[in-house]
Amino acid sequence: MSDQLIRAISQDGLIKVSAVSTRDLTERARQIHKTLPVATAALGRLLAGASMMGNALKEEAASLTLQIKGGGPLGTLLAVSDHEGNVRGTVENPAVDIPLREDGKLDVGTAVGNQGTLTVIRDLRMKEPYVGSVGLLWGEIAEDIALYFVESEQIPTACGLGVLVDRDQSVLSAGGYLVQLLPGAGEETAERLEASLRAAGPVTELLKADPDPEALLRAALPGLALEVLEKRPIAYRCDCSRERMERALISLGREELRAMIDEQGSAELTCRFCDNVQRFSREELEALLASC
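Let me begin by describing the structure that accompanies this report.

## Some words on the overall build of the protein
Part 1 of the reasoning: Along the backbone of the protein there are ten helices and twelve strands.
Part 2 of the reasoning: A globule of 292 residues ought to have a C-alpha radius of gyration of about 19 Å, and the protein, at 21 Å, matches this closely.
Part 3 of the reasoning: Principal axes of the C-alpha set define a box for the protein whose edges measure 70 × 45 × 35 Å.
Part 4 of the reasoning: Put simply, the protein has 292 residues, and 50% of those count as buried.
Part 5 of the reasoning: A sequence separation of at least 24 residues applies to 64% of the contacts in the protein between residues at least 6 apart.
Part 6 of the reasoning: Total accessible area on the protein stands at roughly 14,000 Å², and carbon and sulfur atoms take up 49% of it.
Part 7 of the reasoning: The positive charge centre, built from 31 side chains, and the negative charge centre, built from 44, are 3 Å apart in the protein.

As structure tokens, then:
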């Protein structure tokens, strides 16, 4: 099945949840950036988290950016979501290869690092975007997103994210969930949720058994009566265009653009989020220079 996002609320109004299945879009990111497994897992987790958080915005044309600078060998990771949950992202060092953990799993925490920050940028198309940041404690991404909600927004949150990579380095399963307590939920509710999520096991195994994100929620939260609010397809989607690249060239200024024409005679621009390549001839660059 194609990648999907679901949002729901408990029938008692005390818990809101969302979940995503993101195998296809994570595989697309892997192919674009040529990531090795640990980078695939880290970027895939961040894309899934950004998708759920971006979908919660709802304002038309709004976007959400998650940026992690953890001090690990992967360098900076970036994921951007639109208000529907479609995402794009990058990882600074996609070819990082480090040993597996003792339990045989990919060591995402070490690759990301925990000596930096997770920054959340919500752009609601107002004068200034909202920017919040927390220090990383784990580098495993899911736990750090949950910490962000607790520290920055005072919302008790549980987050589970996972990417399962096959022997040929392709993505077998990917996705996650976000579970948040609403005002009025007591300690008993929190303890019950925590026990359910712990017993459910890894996100990747649940999605491998059934890639439907609704099934993921049912398996992770058995017995919880949920009212589905939205279920929609999501994808790896970049908003780059030739027009945007033209504006980027113009923004260089007349002097630098003139030097580019004199020294190179043409230009080739590649989007950092996708594999879109645009080539500009000398004549096209001269026309852009004339419009500056």
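That was the structure; now back to the text.
## Quick notes on the sheet that holds strand 2 (residues 15-21)
Part 1 of the reasoning: Read across the sheet, five strands follow the order 8-9-2-1-10 without closing on themselves; strand pairing throughout is antiparallel. At either end of the open sheet lies a strand with only one pairing partner, and these are strand 8 (157-165) and strand 10 (226-233). Recorded for the sheet is a direction-independent mean angle of 10° between the axes of neighbouring strands.
Part 2 of the reasoning: Where strand 1 (residues 4-10) lies against strand 2, six bridges are found, and the strand directions are antiparallel. Among the inter-strand pairings, Ile-9 is bridged to a residue of strand 2, identified as Lys-16.
Part 3 of the reasoning: Sheet contacts for helix 2 (residues 37-55): strand 1, strand 2, strand 8, strand 9 (171-181) and strand 10; angle to strand 8, the most-contacted strand, approximately 140°.
Part 4 of the reasoning: Packed onto the sheet, helix 7 (residues 213-220) meets strand 1, strand 2, strand 9 and strand 10 and runs at close to 130° relative to strand 2.

## Describing the pattern of salt bridges
Part 1 of the reasoning: Taken as a whole and assessed by the stated rule, the structure comprises 23 salt bridges.
Part 2 of the reasoning: Put simply, Asp-239 and Arg-244 hold a salt bridge, and the shortest N to O gap is 3.3 Å.
Part 3 of the reasoning: Given a relative accessible area of 41%, Arg-244 falls into the partly exposed group.
Part 4 of the reasoning: For Glu-284, the salt bridge identified is with Arg-242, shortest N-O distance 3.1 Å. Of the two residues, Glu-284 sits in helix 10 (residues 282-291) while Arg-242 sits in helix 8 (residues 242-251), which places them 42 residues apart along the sequence.
Part 5 of the reasoning: Through salt bridges with shared partners, a single network forms among Arg-7, Lys-58, Glu-84, Glu-230, Arg-232 and Arg-237.

## Digging into the nonpolar core
Part 1 of the reasoning: Ranked by size, the top nonpolar core spans 66 residues in total, and within it Met-53, Leu-66, Leu-74, Ile-145 and Leu-285 carry the most contacts.
Part 2 of the reasoning: Ranked by the residues each element gives to this core, the list is headed by helix 2, at eleven residues.
Part 3 of the reasoning: In terms of nonpolar packing, the next biggest core, distinct from the first, is built from 20 residues, Leu-14, Ala-19, Val-179 and Leu-226 among them.

## Description of the environment of Leu-224
Part 1 of the reasoning: As for its position among the elements, Leu-224 is in the loop between helix 7 and strand 10.
Part 2 of the reasoning: Leu-224 gets classed as buried once you look at its relative accessible area, which sits at 17%.
Part 3 of the reasoning: Sequence separation between Leu-224 and Pro-73 is 151 residues, and the spatial gap between their C-alpha atoms is 40 Å.
Part 4 of the reasoning: Every residue in contact with Leu-224, bar those within four places of it in the chain, is listed here: Ser-10, Ile-15, Leu-193 and Arg-218.

## Structural notes on helix 4 (residues 142-153)
Part 1 of the reasoning: Its twelve residues give helix 4 an end-to-end C-alpha distance of 16 Å, which sits within 8% of 16 Å, the value for a rise of 1.5 Å per residue.
Part 2 of the reasoning: Among the residues making up helix 4, those that are buried are Ala-142, Asp-144, Ile-145, Ala-146, Leu-147, Tyr-148 and Phe-149.
Part 3 of the reasoning: Just downstream of helix 4, Gln-154 is the residue with a positive phi angle, here 55°.

## Topic: the packing of helix 8 against helix 10
Part 1 of the reasoning: Axis separation between helix 8 and helix 10 bottoms out at 10 Å; the angle between their running directions is 60°. Crossing of helix 8 over helix 10 shows right-handed handedness. On helix 10, the residues touching Arg-242, Glu-246, Leu-249 and Ile-250 of helix 8 are Glu-284, Leu-285, Leu-288 and Ser-291.
Part 2 of the reasoning: By residue class, the composition of the contact of helix 8 with helix 10 is four nonpolar, one polar and three charged.

## Let's talk about the state of the cysteines
Part 1 of the reasoning: Here the structure, examined in full by the defined rule, presents zero disulfides.
Part 2 of the reasoning: Note on Cys-240: no disulfide assigned, nearest cysteine sulfur contributed by Cys-274 at a separation of 3.5 Å.
Part 3 of the reasoning: For Cys-240, a relative accessible area of 21% puts it in the partly exposed group.

Parameters and conventions
- Within every chain, residues take consecutive numbers counted from 1 along the sequence as written.
- Predicted model: local features are reported for residues with pLDDT of at least 70 only, side-chain atom pairs are reported and counted for 80 or more only, and whole-chain, interface and lining totals are derived from all residues.
- Based on all heavy atoms of the structure, the side-chain values leave hydrogens and waters out of the count.
- Comment: elements are numbered from the N terminus, with helices defined as DSSP H or I runs of at least four residues and strands as E runs of at least two.
- Only C-alpha atoms enter the radius of gyration; for comparison, a globular chain is expected to reach 2.2 Å times N to the power 0.38, where N is the number of residues.
- We call a residue buried when its accessible area falls under 20% of the maximum for its residue type, exposed when it is over 50%, and partly exposed in between, using a 1.4 Å probe and counting protein chains only.
- Residue contacts are counted whenever heavy atoms from the two residues lie within 4.5 Å of one another.
- Only the protein chains shown count as cover for residues, and the accessible areas themselves come from Shrake-Rupley with a 1.4 Å probe.
- The convention is simple: Lys and Arg are positive, Asp and Glu are negative, and His and the chain ends are not counted.
- The location of each charge is read from NZ of Lys, CZ of Arg, CG of Asp or CD of Glu.
- Pairing between strands requires that DSSP locate at least two bridges from one strand to the other.
- Between N-to-C directions, angles span 0 to 180 degrees; the directions come from axes that are lines fitted to C-alpha atoms, helices contributing only their stretch in contact.
- Definition used for salt bridges: Asp or Glu carboxyl oxygen within 4 Å of a side-chain nitrogen of Lys or Arg.
- What is meant by a nonpolar core is a set of buried Ala, Val, Leu, Ile, Met, Phe, Trp, Tyr and Cys residues, joined one to another through side-chain atoms within 4.5 Å.
- By this rule the span expected of a helix is its residue count minus one, scaled by 1.5 Å.
- Handedness of a helix crossing follows the sense of rotation of the near helix relative to the far helix, less than a right angle counterclockwise being left-handed and clockwise being right-handed.
- When residues are grouped by polarity, Ala, Val, Leu, Ile, Met, Phe, Trp, Tyr, Cys and Pro land in nonpolar, Asp, Glu, Lys and Arg in charged, and all others, Gly among them, in polar.
- Any pair of cysteine sulfurs within 2.5 Å is marked as a disulfide.

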